[in-house]
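Fold and contact review
So you can see what is in the structure, the chains are spelled out below.
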Amino acid sequence: MKLSIIIPCYNIASYIERAVDSILSQSFQDWEIILINDGSTDNTLDYLKILAAKDTRIQVISQENRGVSVARNVGLANAHGDWVLFVDGDDWIELGILSVLQTVDLSSVDILIFGFVLHKPKGKNIICFPPIDGCDMFIKYVLGHRLIIPCMFFRRSLIIENSLYFDEQTHYGEDKEFMMEALLLSHGVLNIRKVEYHYDMTRENSAMNNSVFNDKQLTALWAIDRVVEFTRKFGNELEQKAINLHQCISTIYVYKRYLSLANLEQRMKYDTMFEKRIEEGFSIHVPMKLCRYVVIFYLLKLIYVLNRHLFRRILSYI
């Protein structure tokens, strides 16, 4: 059973050896690593070539800077494994995680999920475990259960047969779109409640540390809009209601950043769009079990109905 590990690389010369070494040290050895140099301007490519010289199973592909979505798609196009794992070049995996492909029954599983730790600045780390069982993972995810794409093994046939890919015009939320569609189409999900992935958010120029608002951040909303349409085609009624709720919460989340960081020109351009999306979002009916997203939805809806100015002020300060 072969595993394809896809690692996009952009200006991570100081980190990539750690990521690759965490794979080389695994007891499971039936893998290939596809390193995609996405137009790095530092000496990342030099480091990738050194790593590739260590092991014939490591392949380096270099391209102009086109973003993580293109890089992952290039990795998928060159993958040959039965399973796919996406790793970020500044992260690392725990010893022994790859051997799970040999030690558990995956005959009826399309996605394997494990726990991870978010390494945040100032040591404020967050440990995240998947739910006890993998049932209804699409609903659990869209209603607030935290997942990241590198904490998931994907059966490659699931990706190929359903033509799943990363939208190359989406700069934020492209991974969420891919995960949601894969979870919706999966015939079986297995959760491993162990922390096996280390997600490093401490790098100063990490995308997660962006402190300005730019128009590209709106692509996260367009990604969710596409998932809503996708769910109408392939999901059941409960899944459709869940993604509609997620769409509303996602709009509010982006709107919160927008209120805090947008300049005057952006405010004039997008205020009406956000108001329309929020109005439509709060018009939906949510007959779902109590969970974090449902509580947030009704609390914010109550404030919005009572006083829209207060609603905006609260979002600006939380």
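Keep in mind the model is a prediction, meaning the values are calculated, not measured.

Following the criterion strictly, the structure yields 19 salt bridges and no others. Of the charged contacts, one joins Asp133 and Lys140 as a salt bridge, the two residues approaching to 2.9 Å between their closest N and O atoms. Exposure remark for Asp133: the relative accessible area of 35% places this residue in the partly exposed category. For Lys140, a relative accessible area of 25% puts it in the partly exposed group. Ionic pairing is found between Glu196 and Lys194, a salt bridge with its closest N-O pair at 3.6 Å. Through salt bridges with shared partners, a single ionic network connects Glu17, Asp21 and Lys54.

Counting buried residues in strand β1 (residues 3-9) gives seven out of seven residues, a clear majority hidden from the surface. Neither face of β1 is open: one carries Leu3, Ile5, Ile7 and Cys9, the other Ser4, Ile6 and Pro8, and all of them are buried. When β1 meets strand β2 (residues 31-38), the two strands line up parallel, connected through seven bridges. Paired with Ile7 across the strands is Leu35, a residue of β2. Assessed by its sense of winding, the connection that carries the chain from β1 through helix α1 (residues 16-24) to β2 is right-handed. Bridging between β1 and strand β4 (residues 83-86) involves four bridges; their strand directions are parallel. In the sheet register, Ser4 faces β4, and the bridge partner there is Val84.

Relative to strand β9 (residues 189-200), strand β5 (residues 92-93) is paired through two bridges, and the arrangement is antiparallel. Looking at β9, one finds that Ile93 is bridged to Tyr197. Summarising the sheet, strand β6 (residues 111-119) and β9 pair through nine bridges and their orientation is parallel. Residue pairing for β9: Leu118 is matched across the bridge by Tyr199.

What follows covers helix α10 (residues 264-282). Relative to the 27 Å expected for 19 residues at 1.5 Å per residue, α10 spans 26 Å between its end C-alpha atoms, a close match to the ideal helical length. Roughly 50° is the biggest bend found in α10, and it falls at Tyr270. If you check which residues of α10 are buried, you get Gln266, Tyr270, Phe274, Arg277, Ile278, Gly281 and Phe282. Buried-residue contacts for α10 involve α8 (219-234), α9 (237-261), α11 (292-306) and α12 (308-317). At the N-terminal boundary of α10, the capping side chain belongs to Asn263, with an oxygen 3.2 Å from the backbone nitrogen of Glu265.

This brings us to the environment of Ala242. By secondary structure assignment, the location of Ala242 is in helix α9. Looking at Ala242, the relative accessible area reads 0%, which means it is buried. Along the primary structure Ala242 and His285 are separated by 43 residues, whereas in three dimensions their C-alpha atoms are 10 Å apart.

So, on to a positive patch on the surface. A contiguous patch of positive charge on the surface is contributed by Lys120, Lys122, Lys124, Arg146 and Arg292. The topology assignment puts Lys122 in the loop between β6 and β7 (126-128). The exposed category is assigned to Lys122, whose relative accessible area is 79%.

Quick look at the packing of α8 against α10 now. Contact pair α8 / α10: the axes reach a minimum separation of 13 Å and the direction vectors enclose 35°. In this structure, α8 meets α10 at a crossing whose hand is left-handed. Facing Leu221, Trp222 and Asp225 of α8, the residues of α10 in contact are Met273, Phe274 and Arg277. Looking at the contact of α8 with α10 residue by residue, the classes come out as four nonpolar, no polar and two charged.

Geometrically, a packed helix pair is captured by the angle between its two axes and the distance between the axes. Where helix α7 (residues 174-185) meets α9, the axes come as close as 13 Å, and the angle between the chain directions of the two elements is 170°. In this view, α7 runs roughly antiparallel relative to α9, as classed from their interaxial angle. Residue-level inspection shows Lys176, Met180 and Leu184 of α7 in contact with α9, the latter providing Glu239, Ile243, His246 and Ser250. Class assignment of the residues belonging to the contact of α7 with α9 gives a composition of three nonpolar, two polar and two charged.

Calculation rules
- Residues numbered from 1 in each chain as written.
- Predicted model: local features only at pLDDT ≥ 70, side-chain atom pairs only at ≥ 80, totals over all residues.
- Heavy atoms only, no water.
- Salt bridge = Lys/Arg side-chain N within 4 Å of Asp/Glu carboxyl O.
- Buried < 20%, exposed > 50% of the residue type's maximum accessible area, 1.4 Å probe, protein only.
- Helix = DSSP H or I, 4+ residues; strand = E, 2+ residues; numbered from the N terminus.
- Pairing = 2+ DSSP bridges.
- Right-handed = clockwise from strand over helix to strand, strands pointing away.
- Expected span 1.5 Å × (residues − 1).
- Bend = angle between axes of the 7 residues up to and from the residue.
- Contact = heavy atoms within 4.5 Å.
- Polar contact = N/O pair within 3.5 Å; in protein donor to acceptor, adjacent residues only side chain to side chain.
- Patch = residues over 30% accessible without salt bridge, like charges linked within 9 Å, V, L, I, M, F, W, Y side chains within 5 Å.
- Areas by Shrake-Rupley, 256 points an atom, 1.4 Å probe, with all protein chains shown as cover.
- Lys, Arg positive; Asp, Glu negative; His and termini not counted.
- Charge placed at Lys NZ, Arg CZ, Asp CG, Glu CD.
- Axes fitted to C-alpha atoms, helices over the stretch in contact; angles between N-to-C directions.
- Left-handed = near helix turned anticlockwise from the far one by under 90°.
- Nonpolar A, V, L, I, M, F, W, Y, C, P; charged D, E, K, R; others polar.
- Parallel < 35°, antiparallel > 145°, perpendicular 65-115°, else oblique.

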